[in-house]
Amino acid sequence: MESKNNVGEKQPKSYFLKFLKIVGWTTASILLLLIAAILLIRLPSVQNRITQKAISFLEDRIGTPVSLESITISFPKKIVLENLYLEDQSGDTLLYAGSLAVDTDLWALTQHSIELNDIELENVHADIHQSGKDSTFNFDYIVKAFAADSALPVDTTQVPWNFSIERVNVARTQLLYRDAGNDASLDIGQLSVSMEDFDLNNPVLKFNSISLRETKASLIQTTSSEPVPERKTVQTTASFPYNLGVNTIELNNV
């Protein structure tokens with residue numbers, strides 16, 4: 001017959017083994033769910049459903065046509081949007097992006113960190129202009145559509161987010177801007193930016209390299225017919241807010 005001491009010794013061991021089994025099964029279940037999510041999210045049918053959901057959300061929110069050919073998610077690193085089109089309220093093109101790819105660390109989001117390893121923009125056309133009727137820009141309605149979210153009270157007890165960018169590549173991109181006194185355009189053949197230090201909290205902006213090729217910019221300024229009020233000269237000692245630096249700059253046919 002077992003002694004009471006032996007029975008007492010086995011009970012803690014038994015509880016400990018049960019605890020380990022529960023932890024093991026829980027961990028295995030979570031891993032299996034993650035693997036299943038990774039496999040499902042790579043299926044074309046699932047990605048097509050995500051694309052349609054994104055289009056419906058944007059169209060319902062901003063009230064103008066939106067089209068998107070596909071969203072490709074290579075979990076957990078890369079998100080690619082193909083042929084994104086946004087139309088303004090006049091029926092003109094506001095933004096077209098042939099390809100927008102973001103290589104990021106999705107796990108970092110759990111640590112309140114947005115880490116953009118690579119951003120790639122290719123075959124992009126953006127047209128920003130001011131209305132002659134009320135001087136509003138053609139994208140103002142989108143800002144107003146999301147203004148309700150920004151009006152929510154900010155939780156000051158939350159951990160602040162960290163934001164970082166490593167590399168940015170832009171190819172075959174045209175940016176247009178027009179207002180009452182300016183007509184500007186920028187045609188980028190190839191822009192490659194590599195960051196050495198990107199910290200908006202300090203703030204620090206240090207570029208390792210900037211390469212700009214096959215690029216043309218133009219700016220036409222017109223004189224306004226309205227009288228310009230006399231400006232008072234104000235002396236200020238405010239310094240540039242960023243610690244800015246760059247190691248190498250390469251310009252070719254600019």
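Residues numbered from 1 in each chain as written. Predicted model: local features only at pLDDT ≥ 70, side-chain atom pairs only at ≥ 80, totals over all residues. Heavy atoms only, no water.

Let us look at the overall build of the protein. Counting secondary structure elements, the protein contains four helices and nine strands. Walking the protein from its N terminus toward its C terminus, one meets helices and strands in the order α-α-β-β-β-β-α-α-β-β-β-β-β. The proportion of buried residues among the 254 residues of the protein is 22%. Only carbon and sulfur atoms are counted for the fraction: they give 58% of the accessible area of the protein, which is about 18,300 Å². (Helix = DSSP H or I, 4+ residues; strand = E, 2+ residues; numbered from the N terminus. Buried < 20%, exposed > 50% of the residue type's maximum accessible area, 1.4 Å probe, protein only. Areas by Shrake-Rupley, 256 points an atom, 1.4 Å probe, with all protein chains shown as cover.)

Approximately 250 Å³ is the volume attributed to the largest pocket. Along the walls of the largest pocket sit 13 residues, with Gln 89, Ser 131, Thr 136, Phe 137 and Asn 138 positioned nearest its centre. It is helix H3 (residues 140–145) that provides the largest number of residues to the lining of the largest pocket, a total of three residues. Per-class residue counts for the lining of the largest pocket are three nonpolar, seven polar and three charged. (1 Å grid on protein atoms, 1.4 Å probe; cavity = no way out; pocket = protein on both sides within 12 Å on 5 of 7 lines; lining within 4 Å. Points joined across faces, edges and corners; volume = space filled by probe spheres on them. Nonpolar A, V, L, I, M, F, W, Y, C, P; charged D, E, K, R; others polar.)

Turning to unusual backbone geometry, a few remarks are in order. The phi dihedral of Asn 123 falls on the positive side, at around 55 degrees, and the residue is not glycine. Considering the arrangement of structural elements, one finds Asn 123 in strand S4 (residues 113–129). Residue Arg 172 is not a glycine yet carries a positive backbone phi of 50 degrees. Checked against the element boundaries, Arg 172 lands in strand S5 (residues 162–178).

Quick look at the pairing of strand S7 (residues 204–213) now. The pairing of strand S6 (residues 182–199) with S7 spans nine bridges and is antiparallel. Paired with Ser 194 across the two strands is Ser 209, which belongs to S7. The turn linking S6 back onto S7 is made up of four residues. Direction of pairing for S7 relative to strand S9 (residues 243–252): parallel, over a ladder of nine bridges. Bridging across to S9, Leu 205 finds its partner in Leu 244. (Pairing = 2+ DSSP bridges.)

Our next topic: helix H2 (residues 44–62). The end-to-end C-alpha distance of H2 is 27 Å, a good match for the 27 Å that 19 residues give at a rise of 1.5 Å each. Among all positions of H2, only Gln 47, Thr 51, Ile 55 and Ile 62 are buried. When H2 is viewed along its axis, its buried side chains cluster within an angular range of 80 degrees and face the same direction. Relative to its buried face, H2 has exposed residues pointing more than 90 degrees away, namely Ser 45, Arg 49, Lys 53 and Asp 60. Two residues or fewer past H2, Gly 63 is found with a positive phi of approximately 80 degrees. (Expected span 1.5 Å × (residues − 1). Arc of directions from axis to C-beta.)

Considering the arrangement of structural elements, one finds Asn 201 in the loop between S6 and S7. Aside from chain neighbours lying at most four places away, what touches Asn 201 is Trp 161 and Asn 162. (Contact = heavy atoms within 4.5 Å.)

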